[in-house]
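# Structural description and commentary
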Amino acid sequence: MSSKKNLQTAFGMPLDGSDLQGVQAALTGTTATNADLQNISQDDFVRTAVIMLVGIIIVLIWLV
């Protein structure tokens, strides 16, 4: 979700050079939730694909 990254950048830029420079801003709502779900789903997919490929390789080695 590029919208979340754009919002984080927009919130961070005005704080640079001010007294609030080190403040951490958090985003909520549908966009933030969807971005988090997309990251989790992508990580789960990669993990599942690696486990599946390793399992297939083990079975193929065992068959040969």
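This text gives an overview of the structure that appears in the document. (Residues numbered from 1 in each chain as written. Predicted model: local features only at pLDDT ≥ 70, side-chain atom pairs only at ≥ 80, totals over all residues. Heavy atoms only, no water.)

### Focus: the overall build of the chain
What counts is decided by this rule: Secondary structure follows DSSP: runs of H or I at least 4 residues long count as helices, runs of E at least 2 residues long count as strands, and numbering of each begins at the N terminus. A simple rule labels every residue: compare its accessible area, found with a 1.4 Å probe on the protein chains alone, to the largest value its type can have, and call it buried under 20%, exposed over 50%, or partly exposed in between. Residue exposure ignores everything except the shown protein chains as possible cover, and the areas themselves are Shrake-Rupley values with a 1.4 Å probe.
What the chain contains, in helices and strands, is 2 helices and 0 strands. The buried share of the chain, taken over its 64 residues, is 5%. Accessible surface, the chain: about 5,600 Å² in total, of which carbon and sulfur atoms supply 64%.

### Observations concerning the pattern of salt bridges
Note the cut-off: We define a salt bridge as a contact between a side-chain nitrogen of Lys or Arg and a carboxyl oxygen of Asp or Glu at a distance within 4 Å.
Under the defined criterion, the tally for this structure stands at 1 salt bridge. In this structure, D44 engages R47 in a salt bridge whose closest nitrogen and oxygen atoms are separated by 3.0 Å. Here the residue D44 and the residue R47 both occupy positions in helix α2 (residues 30–63), the gap between them amounting to 3 residues, near one helical turn. Its relative accessible area of 48% is what places R47 among the partly exposed residues.

### With respect to a nonpolar patch on the surface
We count it as follows: Grouping into patches uses exposed residues only, defined as over 30% relative accessible area, and leaves out salt-bridged ones; the cut-off is 9 Å for like charges and 5 Å for nonpolar side chains (Val, Leu, Ile, Met, Phe, Trp, Tyr).
Among the surface-exposed residues, M52, L53, I56, V59, L60, W62, L63 and V64 lie close enough to one another that they form a single nonpolar patch of about 950 Å² accessible area. Checked against the element boundaries, I56 lands in helix α2. On the basis of relative accessible area, I56 is assigned to the partly exposed category, the value being 43%.

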